Each structure stands twice: as structure tokens, then as C-alpha cells.
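Breakdown of the fold
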Amino acid sequence: MASPFLQYIAEFMYARRYAKRTVEAYVYWIKAYILFHKKQHPAQLTEQDVERFLTYLTNQRNVAPRTQASALNALSFLYKAVLQKPLSLNLNFNRSQLAPKLPVVLTRTEITALLRVIDPRYKLLAQLMYGSGLRLMEAVRLRVHAIDYDYLSVMVWQGKGNKNRRTTLAPELVTTLKQQSQFVMQYFEADLANPDYIGVWLPYAFARKYPTAPKELGWQYLFPSMQLSVDPDSKLLRRHHLDESCVRREIKIAAKKAGISKNVTCHTLRHSFATHLLEAGADIRTVQEQLGHTDVRTTQIYTHVLNRGAAGVKSPLSQLL
């Protein structure tokens, strides 16, 4: 990041405990905004310039509504928090009208087939994403103590939107999860014997408040990387979690092996979790809490594949045949 201004924004956000991916996204859009206006400083630009950029994203780049919304959020943060010149709530720009995609959902038979052929190293992760409705990053970032065996639940700390929640855990996974914890223990004991190992990464000032926590088993990642690596921020030797790109790749490979023609991603397992809960009679508020959605309207999209959607409508052709 060559620009001192963009570096300042990143540090400003980190100091306020924004997630790394949020910081990266905001810096990306602020940089794009500056480049669009031929490197003029945002403080010298007006709301009309913001409107021009957002309209450009729709007209020339044909971005999806969520993408345009991300750019707007980044610029709103820039003007309100950094420049202290909040944007008007009545910005006039061409809003993206691309229809949102309906979620891809697998049947129970397809889920069974996928789990049967997936690489054993990634099977437990896939089972958690489907069985507990976890996002990919929530799954790979789980710590050993995030599994509550007494109450059969998974505790998700600082998920999307920096929210915490507790979601269900299939009792059938208890034995496998305990075996995974023992696997982590083997790595952990080897790491402690390494004089250069500084401990697992912990968020914000937590490591300073609890200096022994980075070298406690409970704080280690449940799905650790096979290799130690140097933390790019602190330059210290740590063991990170499993690379999420590996999980994405293996889910794609497993779907192909299982003969599933749908576009299957890690998030498809989360979609399937929500849909199958609703099919089993769970009320939508419960599903909303399990998924960690702020607005129930976000959860309601899963009703499109239930009896209230196309699946519950009888085709007139059936009456003829």
C-alpha cells in the first residue's frame, strides 16, 4: 500500500477493531474512488463526485447491488469517520438493479453423496458447515474451546459483522471433534518445544491482557495449518489456521466426484443447513438466530425453495399427464 493516506485509513480502522477483510475491502473501494477521480484527494471532492463514481459502477462496470453497496459503505465511512464530512442520506445515483441470486441448495441425498467422497482431511469441516450452518471463515477460525460438548453447541466469536452467536452441534460429531482436538494437541506440544514459537494469534489487546493465552491449548485453532509461518504483522512465528482456499477447492472436487451438477460452494452447505431446518419444521426466527442474521428478511430467502415457493406449486402439465 504505497499511499500514506490509504495506510492511515487502514491503521485508523484497525485501531477501531474492524475486521481485516473489512479493512481490505474499504481500502480497495476508497482507492478505486480516488483513481476514478484522477487521484484527487477525497476532501476536495463533493457528493456529486461520489454519485458519479457509484453510477459508474452500475453503468460501466455492471456490478451487483451488494458490490455497489460495499462501495457506498466504504465511502460513507471515509467521509463520516475519517474526513468528518458525512454524506447526505439522499444521494442521487443509478442504483444497481441486478436481481439477487437465489441460494443453491443440495438435497439430503446430495449432501450424503458429497460427504461420502470428500477428502477425509476436510470432511469434518464440511460436516460443521452443513450441520451447524457455519460460514467457511467461521469454520476454519474455530478455536479448540469453541466446541461446547455439554450443551452440544458451537460458539462463533466475531463472525460476520463482528457478532457472536451459539449454534447447534450434531452429537454424531462429538467423537470426531475430540479426536481433532487430540490432533491439535500433537501440533501444540511440538510448537511449545520450538523456542521461536510465540503462540497463536489473538485479536486486539487480548494477548496483552492475558499473556499466557496464546500458549494455552484452548486458544489454538481447531483446524491448524500443517506448517508454522511468520505473522506478516508482528513478524513472529505462529501456527495459523488451515488455508480456506484448500477447503473451497476440495468442496468443488467432492461435488464433481459425487456427480452433483449444481454450482456447489462452501456456502451451499450453509444454505442447505437453513433450508433443511425449515423443512424439518423449525421456525424462521430460530433459523435466523442459528445463522446469525441481523434481519429476518435475509433468512426469508430460504423459504423460496420450500412449499411456499415453486416446489409447492402444482404444474398444470401434471393434470394433463
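Everything here concerns the structure above.
We now turn to the structure provided with this report. Since the structure is predicted, the reported quantities are computational estimates derived from the model, not experimental observations.

It is worth spelling out the overall build of the protein chain at this point. Scanning the protein chain from N- to C-terminus turns up 14 helices and five strands. When the backbone C-alpha atoms are referred to their principal axes, the protein chain occupies close to 75 × 60 × 35 Å. Counting the 321 residues in the protein chain, one finds 44% classified as buried. Restricting to contacts in the protein chain with at least 6 residues of sequence separation, those with at least 24 account for 60%.

Its place among the elements puts Ser 153 in strand β2 (residues 153-156). Overall, the relative accessible area of 3% leaves Ser 153 in the buried class. Leave out the neighbours within four places in its chain, and Ser 153 touches Ala 146, Ile 147, Asp 148, Arg 166, Thr 167, Thr 168 and Leu 169.

Where helix α1 (residues 4-15) meets helix α4 (residues 65-82), the closest approach of the two axes is 12 Å, and the angle between their N-to-C directions is 80°. Relative to α4, α1 is oriented roughly perpendicular. Contacts from Phe 5, Tyr 8, Ile 9, Phe 12 and Met 13 of α1 reach α4 at Phe 77, Leu 78, Ala 81 and Val 82. Partitioning the contact of α1 with α4 into residue classes produces nine nonpolar, no polar and no charged.

Applying the stated criterion across every chain, the model contains twelve aromatic pairs. Grouped by ring-pair contacts, the aromatic residues Tyr 28, Trp 29, Tyr 33, Phe 36, Phe 53, Tyr 56 and Tyr 79 constitute a single cluster. The ring of Tyr 221 carries the charged tip of Arg 143 above its face, separated from the ring centre by 4.2 Å.

Strand order in this open sheet of three strands is β1-β2-β3, and the pairing throughout is antiparallel. This sheet does not close on itself; its edge strands, each paired only once, are β1 (147-148) and β3 (165-168). Note: β1 against β2, two bridges, orientation antiparallel. Counted as the bridge partner of Ile 147 is Val 154 from β2.

With the rule as written, the count across this model stands at twelve salt bridges. Its salt-bridge partner being Arg 135, residue Glu 138 comes within 2.6 Å of it at the nearest N-O pair. By relative accessible area, Glu 138 is classed as buried at 8%. On the basis of relative accessibility, which here comes to 14%, the residue Arg 135 falls in the buried class. As a salt-bridge pair, Arg 165 and Glu 138 come within 2.9 Å of each other at their nearest N and O atoms. Placement of Arg 165 in strand β3 and of Glu 138 in helix α7 (residues 136-140) is noted, with a sequence separation of 27 residues between them. Here the salt bridges do not stand alone but share partners, grouping Arg 135, Glu 138 and Arg 165 into one network.

In the Ramachandran plot, Lys 39 falls in the positive-phi region, its phi being about 65° despite a non-glycine side chain. Along the chain, the position of Lys 39 falls in the loop between α2 (20-36) and α3 (47-59). What makes Lys 39 exposed here is its relative accessible area of 66%. The backbone of Leu 152 shows a phi angle near 45°, a positive value even though the residue is not glycine. Mapped onto the elements of the fold, Leu 152 is located in the loop between β1 and β2. Judged by relative accessible area, Leu 152 falls into the partly exposed class, the value being 29%.

Moving on: the nonpolar core. Judged by nonpolar contacts, the single largest core of 38 residues is most densely connected at Leu 114, Leu 128, Val 247 and Ile 251. Going through the elements one at a time, α5 (108-117), α6 (120-131), α7, β2, α8 (174-192), α10 (244-257) and α11 (266-279) are the ones with two or more residues in this core. The greatest single-element share of this core, amounting to six residues, is contributed by α6. Leu 57, Leu 72, Val 82 and Leu 91 belong to the second largest nonpolar core, which has 32 residues in total.

Attention now goes to α11. With 14 residues, α11 should cover 20 Å at 1.5 Å per step; its first-to-last C-alpha distance of 21 Å lies within 8% of that length. Elements that come into contact with the buried residues of α11 comprise α5, α6, α7, β3, α10 and α12 (284-291). Gly 281 sits one or two positions beyond α11 and adopts a positive phi of about 105°.

With that settled, consider the pairing of β2. Burial along β2 is two-sided: the face carrying Ser 153 and Met 155 and the face carrying Val 154 and Val 156 are both buried. Between the antiparallel neighbours β1 and β2 lie four residues, among them Leu 152 with a positive phi of about 45°. With four bridges connecting them, β2 and β3 associate as antiparallel partners. Residue Ser 153 lies in a different strand from β3, and its bridge partner there is Thr 168.

Reading the values: the criteria
Residues numbered from 1 in each chain as written. Predicted model: local features only at pLDDT ≥ 70, side-chain atom pairs only at ≥ 80, totals over all residues. Heavy atoms only, no water. Helix = DSSP H or I, 4+ residues; strand = E, 2+ residues; numbered from the N terminus. Buried < 20%, exposed > 50% of the residue type's maximum accessible area, 1.4 Å probe, protein only. Contact = heavy atoms within 4.5 Å. Axes fitted to C-alpha atoms, helices over the stretch in contact; angles between N-to-C directions. Parallel < 35°, antiparallel > 145°, perpendicular 65-115°, else oblique. Nonpolar A, V, L, I, M, F, W, Y, C, P; charged D, E, K, R; others polar. Phe/Tyr/Trp six-rings, centres within 6.5 Å; stacked < 30°, edge-to-face > 60°. Lys NZ or Arg CZ within 6 Å of the ring centre and 35° of its normal. Pairing = 2+ DSSP bridges. Salt bridge = Lys/Arg side-chain N within 4 Å of Asp/Glu carboxyl O. Core = buried A, V, L, I, M, F, W, Y, C linked by side-chain atoms within 4.5 Å. Expected span 1.5 Å × (residues − 1).

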